[in-house]
Amino acid sequence: MDFLGWRVFPLLTLLASFLFIFYMRTSSKPSNSECSLLPHDRFWILSNNIVTPSGVISGAVEVRGGNIISVVEKENQQWKIKSNVVDYGDAVVMPGLIDVHAHIDEPGRTEWEGFSSGTKAAAAGGVTTLIDMPLNSCPSTVSEETLKLKVDAAEDKIYVDVGFWGGLVPDNAFNRTALEGLLKAGVLGLKSFMCPSGINDFPMTNASHIKEGLNVLAKYKRPLLVHAEVELDSESDFEASDGINDARSYSTYLKTRPPSWEEAAIRELLEVTKDTRTGGPSEGSHVHIVHLSDTRASLDMIKGAKNSGDSLSVETCPHYLAFSSEEIPDGDTRYKCSPPIRDSANRERLWDALMEGHIDMLSSDHSPTVPELKRFHEGDFLKAWGGISSLQYVLPVTWSYGRKYGITLNQLASWWSERPAKLAGQDFKGSIVSGNHADIVVWEPDTEFELDDNHTAYHKNPSISAYMGKRLSGKVLATFVRGNLVYKEGQHAPVACGVPIVAK
Ligand SMILES: NC(=O)N[C@H]1NC(=O)NC1=O
Ligand SMILES: [Zn+2]
Ligand SMILES: [Zn+2]
C-alpha cells in the first residue's frame, strides 16, 4: 500500500464504523428488542372482538413503532397479504387499562409494593398505565425533589408506563412557588386527603388548602384528586367505647366510618369546586373524587354539582362493586379499606350509578402493606392497615361481578381506559384508534380461573388480597405497552421498558 493508502485506509475504516452504528440505530427497533416477547416493530393484531370507540369490530389493529397506525374491519382484509400477523380469534382486544389510583410504595416501603412487582402485576392484569399515588412511599411525593426520587426509583424497573400524582399538603398549599415547582417537574396533578391519611408525612388538607391548590392547578390545567371523608366527632367517639364493640367484628369498623363522613366532606368540597366553573377563579382545574363508597346523599350532591357546571368527576373501585358488608367474615381484615365497603343495598346503588353514567370511572386503589400490619392473625379491624390489594385482578373482577348487570365491553373500555386517560391528560392513550400508543390488552371473557395457591400473583404479599380464593372469569392472554408485548400467558418481557410519564 502506498503512502496515500496508509492515510486513507484508517479514515475509511472509521467512516465505515460510523455508518454501521448509524445503520444499527436507525434500522433496529427503536427500543431494546428484549422489551418485547414479539420480535416485530410492525405487526397486525387480529381479532373478531376489537373494542373501538365506535363499537366492537372484527378486523385488525396495525402497529408500527409502538403506535397504532390503522384499525381496519375484516372486509378490507389488507393484512391477508402481510406477514407478522398475530391472530387472537374470538379473544377480546381492548385498550389497556389505565389505573389512575395505585399506591406503589417505592422508595421507602418497597416491602409493601415496589415498581418491579407492582408493574409486573399490572401487566399480567392488562393494566398498561398506572398513575402512582403520592403517599405510602417514603418520603411522600410532595416536592420537586421527592418526585425525582420516585422517577429515579422507577427507572429500568417498570413493565408498564407510570405517571405520578403529587401531594397537596398544608406545607405546600400556600406556597405557590413550591407547588408550581412540583407541577413543572412533571406530576400529572395533585392529590389530597380531607381526613388523616394514615401516613405521618402526608397530613390532611382543609377547604382553604384545596381552594389554593385549585388556583395553581388551573394554570396547568391539571386535576386535584380528593379523598373525601371528614372525621365527625360524634362518630369517632365510638372507637373509644370498650367492651361492647368487638374489634374483630366488621360492623364495629363500619360504624367508625359512617356515610356521614363522606357526605360531610363532599358537601364541604363542593363549595370549593364552584371555582372550577367557566368564568370561576380556578377555571381550567378539575376535581376528581376518589373511591366513592356512599350512595346516599353524596351521589345526589355530586350530580347536582356536575349539573351546575363544576368541573368534577368521580370514581369507585371494584371492591365496592364486588363485596358487601354482610358477607365480610369477622376478623377478615383483608377487606378493610376506607371509606369502608358498605351494605349490599349500597352496592346495588353503586352499580346503578355506574351504569347510568353518574360514576365516571373505576380505579383499583391498590393499597397493599405487609401481612403483619394487616393484622390478619388477630383480626383486629380497628388496628389493621386500611387498603385492599387488587391491581392484578381489576379487569376480571369488574367483568365477573358486572356481567349480571349487563355491562358491555365498550363500558369497560370507557370506565377503565378512555375516561382515566382524559383525567390523567394522556391524549395518546385510552382507546384503540389510529395515532394512539399501541397499549392493548387481549383477554378471554369466558375463561374462568381460581385465585388459589396455583395462581401466580406478581404483586407483593398476595395473601392479604381480599380476592384470594375467589373464582373469576376473564383471563388476560397478552398485554402490549407501546407495541411491546410485555406479558404473555404467565411470562413477562426480559427487560422492563415501561416509561415514566412526566407532564410537560
Ligand atoms: N394511605 C392509603 O393508602 N389509604 C388508602 N387505603 C384505603 O383503604 N383508602 C385509602 O385512602
Ligand atoms: Zn383514599
Ligand atoms: Zn388510595
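Rules and cut-offs
- Residues numbered from 1 in each chain as written.
- Chains lettered and ligands numbered in written order.
- Predicted model: local features only at pLDDT ≥ 70, side-chain atom pairs only at ≥ 80, totals over all residues.
- Heavy atoms only, no water.
- UniProt positions renumbered as here; feature names shortened; annotations may be inferred.
- Helix = DSSP H or I, 4+ residues; strand = E, 2+ residues; numbered from the N terminus.
- Rg over C-alpha atoms; globule rule 2.2 N^0.38 Å.
- Buried < 20%, exposed > 50% of the residue type's maximum accessible area, 1.4 Å probe, protein only.
- Near = heavy atom within 4 Å.
- Polar contact = N/O pair within 3.5 Å; in protein donor to acceptor, adjacent residues only side chain to side chain.
- Areas by Shrake-Rupley, 256 points an atom, 1.4 Å probe, with all protein chains shown as cover.
- 1 Å grid on protein atoms, 1.4 Å probe; cavity = no way out; pocket = protein on both sides within 12 Å on 5 of 7 lines; lining within 4 Å.
- Sits in = over half its atoms within 2 Å of the grid points.
- Nonpolar A, V, L, I, M, F, W, Y, C, P; charged D, E, K, R; others polar.
- Contact = heavy atoms within 4.5 Å.
- Axes fitted to C-alpha atoms, helices over the stretch in contact; angles between N-to-C directions.
- Parallel < 35°, antiparallel > 145°, perpendicular 65-115°, else oblique.
- Left-handed = near helix turned anticlockwise from the far one by under 90°.
- Points joined across faces, edges and corners; volume = space filled by probe spheres on them.
- Phe/Tyr/Trp six-rings, centres within 6.5 Å; stacked < 30°, edge-to-face > 60°.
- Donors = N, O, S within 2.8 Å, 3.2 Å for Na, K, Ca; no water.

For the chain, an unreviewed UniProt entry supplies the name allantoinase and the organism Papaver nudicaule. Under the heading Cofactor (unreviewed entry), UniProt records this for the chain: "Zn(2+)". Quoted verbatim from the Pathway (unreviewed entry) heading of the UniProt record, the comment on the chain is "Nitrogen metabolism; (S)-allantoin degradation; allantoate from (S)-allantoin: step 1/1."

### Topic: the overall build of the chain
Assigned secondary structure in the chain consists of 15 helices and 19 strands. Computed over C-alpha atoms, the radius of gyration of the chain comes to 24 Å, within 12% of the 23 Å expected from 2.2 N^0.38 for 504 residues, which places it in the range of a compact globule. Over its C-alpha atoms, taken along the principal directions, the chain stretches across nearly 100 × 50 × 50 Å. Within the chain, the fraction of its 504 residues that count as buried is 57%.

### Observations regarding the site of ligand 1
Surveying the vicinity of ligand 1 reveals 14 residues, the closest of which are Asn136, His227, Ser338, Ser367 and Gly386. The separation between a nitrogen atom of ligand 1 and a polar main-chain atom of Ser338 is 2.7 Å. Coverage of ligand 1 by the protein chains reaches 98% of its 290 Å² of free accessible surface. Because more than half of its atoms lie within 2 Å of the grid, ligand 1 is assigned to the largest pocket. A per-class count over the shell around ligand 1 returns four nonpolar, nine polar and one charged.

### Here's the deal with the side chain of His101
Assignment of secondary structure puts His101 in strand 6 (residues 97-102). At a separation of 3.4 Å, a polar atom in the side chain of His101 contacts the side chain of His103. Residues in contact with His101, not counting those within four places in the same chain, are Ile131, Met133, Lys191, Val290, His291, Glu315, Ser363, Ser364, Asp365 and His366.

### Things to note about unusual backbone geometry
In the segment running from Glu106 into Pro107, the intervening peptide bond is cis, with an omega of 0 degrees. With respect to the element layout, Pro107 can be found in the loop between strand 6 and helix 2 (115-124). Cis rather than trans, the peptide bond between Cys138 and Pro139 has omega equal to 5 degrees. Relative to the helices and strands, Pro139 resides in the loop between strand 7 (127-132) and helix 3 (144-154). Despite not being glycine, Asp156 shows a phi value in the positive range, around 65 degrees. You can see Asp156 is positioned in the loop between helix 3 and strand 8 (161-164). For Asn461, which is not a glycine, the phi torsion comes out positive at approximately 50 degrees. With respect to the element layout, Asn461 can be found in the loop between strand 15 (440-450) and strand 16 (471-481).

### Describing the packing of helix 5 (residues 176-184) against helix 6 (residues 207-220)
Following both chains from N to C, one finds helix 5 and helix 6 inclined at 40 degrees, their axes separated by 10 Å at the closest point. Viewed along their axes, helix 5 and helix 6 adopt a mutual orientation that is oblique. The crossing of helix 5 and helix 6 is right-handed. Touching Arg176, Leu179, Glu180, Leu183 and Lys184 of helix 5 are Gly213, Asn215, Val216, Leu217, Lys219 and Tyr220, all from helix 6. A breakdown of the residues in the contact of helix 5 with helix 6 according to their chemical character gives five nonpolar, two polar and four charged.

### Things to note about empty space enclosed by the protein
Going through the model one piece at a time under the given rule, you end up with one cavity of 30 Å³ or more. Each pocket or cavity is described by its volume, and for the largest cavity that value is around 30 Å³. Take the lining of the largest cavity: its biggest share by element is three residues, from helix 12 (residues 344-355). Its residues assigned to classes, the lining of the largest cavity comprises four nonpolar, two polar and three charged.

### Considerations on the packing of aromatic side chains
Under the criterion given, the structure shown has 14 aromatic pairs. When the ring of Tyr458 is compared with that of Tyr487, the centres are 6.4 Å apart and the planes differ by 80 degrees; the resulting orientation is edge-to-face. Placement of the pair is Tyr458 in the loop between strand 15 and strand 16 and Tyr487 in strand 17 (residues 484-488), with a sequence separation of 29 residues. When sorted by exposure, Tyr458 lands in the same class as Tyr487, which is buried. Each residue in the set Phe323, Tyr335, Tyr393, Tyr401 and Tyr467 is aromatic and connected to the rest through ring pairs, giving one cluster.

### Some remarks on the coordination of the zinc ion (ligand 2)
Protein-derived coordination of the zinc ion (ligand 2) comes from His227 (ND1) and His291 (NE2), at a distance range of 2.1 Å. Here the zinc ion (ligand 2) and the zinc ion (ligand 3) are spaced 3.7 Å apart. Remark: His291 occurs in the loop between strand 12 (286-289) and helix 10 (297-307) and His227 occurs in strand 11 (residues 223-227); sequence separation between them is 64 residues. Look at His227 and you get buried, because its relative accessible area is 2%. What makes His291 buried here is its relative accessible area of 3%.

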